[in-house]
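# Coordinates in review
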Amino acid sequence: MKLDTSGLESFPSLILHGNDVAGEISAPPSFDLPNSNDFDGFLKEAIQMVKPAKGTTTLAFIFKEGVMVAADSRASMGGYICECLSTLLFGTGRVLCYLLLIKQFFFFFIASQSVKKIIEINPYMLGTMAGGAADCQFWHRNLGIKCRLHELANKRRISVTGASKLLANILYSYRGMGLSVGTMIAGWDETGPGLYYVDSEGGRLKGTRFSVGSGSPYAYGVLDSGYKYDMSIEEASELARRAIYHATFRDGASGGVASVYYVGPTGWKKLSGDDVGELHYHYNPVTPSTTVEQEMVDAAAA
Amino acid sequence: MARYDRAITVFSPDGHLFQVEYALEAVRKGNAAVGVRGTDNVVLGVEKKSTAKLQDSRSVRKIVNLDNHIALACAGLKADARVLINRARVECQSHRLTVEDPCTVEYITRYIAGLQQKYTQSGGVRPFGLSTLIVGFDPYTGSPSLYQTDPSGTFSAWKANATGRNSNSIREFLEKNFKETAGQETVKLAIRALLEVVESGGKNIEVAVMTKEDGLRQLEEAEIDAIVAEIEAEKAAAEAAKKAPPKDT
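The name an unreviewed UniProt entry assigns to chain B is Proteasome subunit alpha type, from the organism Trifolium pratense. Per UniProt, chain B carries the Function (unreviewed entry) text "The proteasome is a multicatalytic proteinase complex which is characterized by its ability to cleave peptides with Arg, Phe, Tyr, Leu, and Glu adjacent to the leaving group at neutral or slightly basic pH." Entered under Subunit (unreviewed entry) in the UniProt record, the comment concerning chain B runs "The 20S proteasome core is composed of 28 subunits that are arranged in four stacked rings, resulting in a barrel-shaped structure. The two end rings are each formed by seven alpha subunits, and the two central rings are each formed by seven beta subunits."

Shown next, in the form of structure tokens:
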């Protein structure tokens, strides 16, 4: 069984009409997959093994002045130790082979607090990362390459619509193969601000407000209740920051730093990156209440 | 040089690809086609060999649509043209599907030229024996464009150009008489250029006008006859004016 890797090529392969009158297209590049009786089961297990929890909160929305994009920066990891069998044979001397039993732990730990989840595709387009970090980073960079090639070939920038369509088509061709990508493409083109949600199932939605990740329900709550189209850039960035903060507060898989980016007619600009721990005390300042000792002194005096 | 003209992929010692040049010969034997770019429209005119009495003239349209805003006329092997036009039409829709936007005239010209070039560098195939004139409006800037491709796969933009039979004389005429025109004036210029090499009459010329609002419009025979009559009248008046002054002195 062969896996079609033609999606990884940047340039379409030359279709040569050889002596064959029927004009057969040459087979696309591919690699072998292991033989297995239950291929569907194998595929499901493989996907489960690599499936990260999409533990994150990202959001983006369009308002009067442009697009606001915000995200947290925590990367969480769940995993398990698998069976491994190794046998070492050195000529006459033999080393014992040993066997580790399969142990499945699903443990949850914070892999990093400083992941860049807002990816700069080009100076006027941003992509957000949710799902597999490697998948998102690679395919966003690949999209950046395609956007630049489009610019060079057509002497004009690609639209946000076009860029999101390119990404969605690629992800669709890898559907069912275990990619985990839930991204938003935000940018400014000739038609104004653009925002699309694209995921690894091949879905692509145009919209004005999106939030993706495990913390998205919390972020939606704050975002939807505070949203107005006619906001200034400061109001919008404050709304975005607050929404991320609330999501990181309640969702264990989100945290770290709340980054806020703004995309306007001249391109994107990073507005702020605040540690959510500090934001907590900013929104809930500690009022210096009377200490126990002070209370006792007051009581004695009274 | 006979040894170097069999396989397309073989260069001759002095740097020629003979098959490509023979393809250009085929183009030179094809019917004349002219294209003129105006400020608000683009006009294509093609010589029509008189249709046989029993032939349905509507089935031999020589100016075709590639998309709502792009049209093409060609000179050379008509069967090759059909294949190229089909591929170009599919590419226009494919572009709309992947980028959710109509393609520019330059994009589709580049595609057609690329296709023509591919067939000059493959084994066992021959080049397409046609040169095309591609006209249209840029969907983003709204400006009209005229491009020409040829069997070697080169393309370039033109203000006015001709290809096919006697294209040199038509081009000379255009170089002498080209002005930035709009609307009906552009149509007249195109027809005047074509009349240099074609017997006058509406039934020997096929003309189509591409505008931004209405897309491609084929002119009726009667319309063409009317314009031809206008042109003849202007010519006659010019002749008379030339003859008159010497008598006055």
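### Overview of the sheet that holds strand S16 (residues 267-275) of chain A
Residue and element names in this part refer to chain A. Taken in spatial order, the five strands line up as S14-S3-S4-S15-S16 in an open sheet, and their pairing is antiparallel. Two strands close off the open sheet at either side, each with one partner strand: strand S14 (209-212) and S16. Averaged over all pairs of adjacent strands, the angle between strand axes in this sheet comes to 15 degrees, irrespective of strand direction. Direction of pairing for strand S15 (residues 257-264) relative to S16: antiparallel, over a ladder of eight bridges. From the neighbouring strand, Val257 faces S16, where its bridge partner is Asp275. Packing of helix H4 (residues 216-226) onto the sheet brings it into contact with strand S3 (58-63) and S14, and relative to S14 it is tilted by some 155 degrees. Helix H6 (residues 276-283) contacts S15 and S16 of the sheet and is inclined by roughly 75 degrees relative to S16.

### A word on helix H2 (residues 133-154) of chain A
With 22 residues, H2(A) should cover 32 Å at 1.5 Å per step; its first-to-last C-alpha distance of 31 Å lies within 8% of that length. Buried within H2(A) we find Asp135(A), Cys136(A), Trp139(A), His140(A), Asn142(A), Leu143(A), Gly144(A), Lys146(A), Cys147(A), His150(A), Glu151(A) and Asn154(A).

### Brief notes about the confidence of the model for chain B
Summarising the model, chain B shows a mean pLDDT of 90, and 94% of its residues fall at 70 or more. This prediction of the complex comes with two scores: 0.75 for pTM and 0.76 for ipTM.

### Considerations on the interface of chain A and chain B
Residue-level contacts link 20 residues of chain A with 16 residues of chain B. When chain A packs against chain B, close to 1200 Å² is buried across both sides, 48% of that on carbon and sulfur atoms. Of the charged contacts, one joins Arg204(A) and Glu100(B) as a salt bridge, the two residues approaching to 2.7 Å between their closest N and O atoms. Taken together, chain A and chain B are joined by five residue pairs in polar contact (both at pLDDT 80 or more). Among the secondary structure elements, those contributing two or more residues to the side of chain A that touches chain B are H2 and helix H3 (160-173) of chain A. No other element matches the five residues that H3(A) contributes to the side of chain A that touches chain B. Among the residues making up the side of chain A that touches chain B, the classes are represented as seven nonpolar, eight polar and five charged.

### Brief notes about the side chain of His69(B)
Residues and elements named next belong to chain B. Tracing the chain through its elements places His69 in the loop between strand S3 (63-67) and strand S4 (70-76). Residue classification places His69 among the buried positions, given a relative accessible area of 13%. Dropping the residues within four chain positions of it, His69 is found in contact with Arg96, Pro102, Cys103, Val135, Gly136, Phe137, Pro139 and Met210.

What counts and what doesn't
Residues numbered from 1 in each chain as written. Chains lettered and ligands numbered in written order. Predicted model: local features only at pLDDT ≥ 70, side-chain atom pairs only at ≥ 80, totals over all residues. Heavy atoms only, no water. UniProt positions renumbered as here; feature names shortened; annotations may be inferred. Pairing = 2+ DSSP bridges. Helix = DSSP H or I, 4+ residues; strand = E, 2+ residues; numbered from the N terminus. Axes fitted to C-alpha atoms, helices over the stretch in contact; angles between N-to-C directions. Contact = heavy atoms within 4.5 Å. Expected span 1.5 Å × (residues − 1). Buried < 20%, exposed > 50% of the residue type's maximum accessible area, 1.4 Å probe, protein only. pLDDT = per-residue confidence, 0-100. Buried area = accessible area lost by both parts, 1.4 Å probe. Salt bridge = Lys/Arg side-chain N within 4 Å of Asp/Glu carboxyl O. Polar contact = N/O pair within 3.5 Å; in protein donor to acceptor, adjacent residues only side chain to side chain. Nonpolar A, V, L, I, M, F, W, Y, C, P; charged D, E, K, R; others polar.

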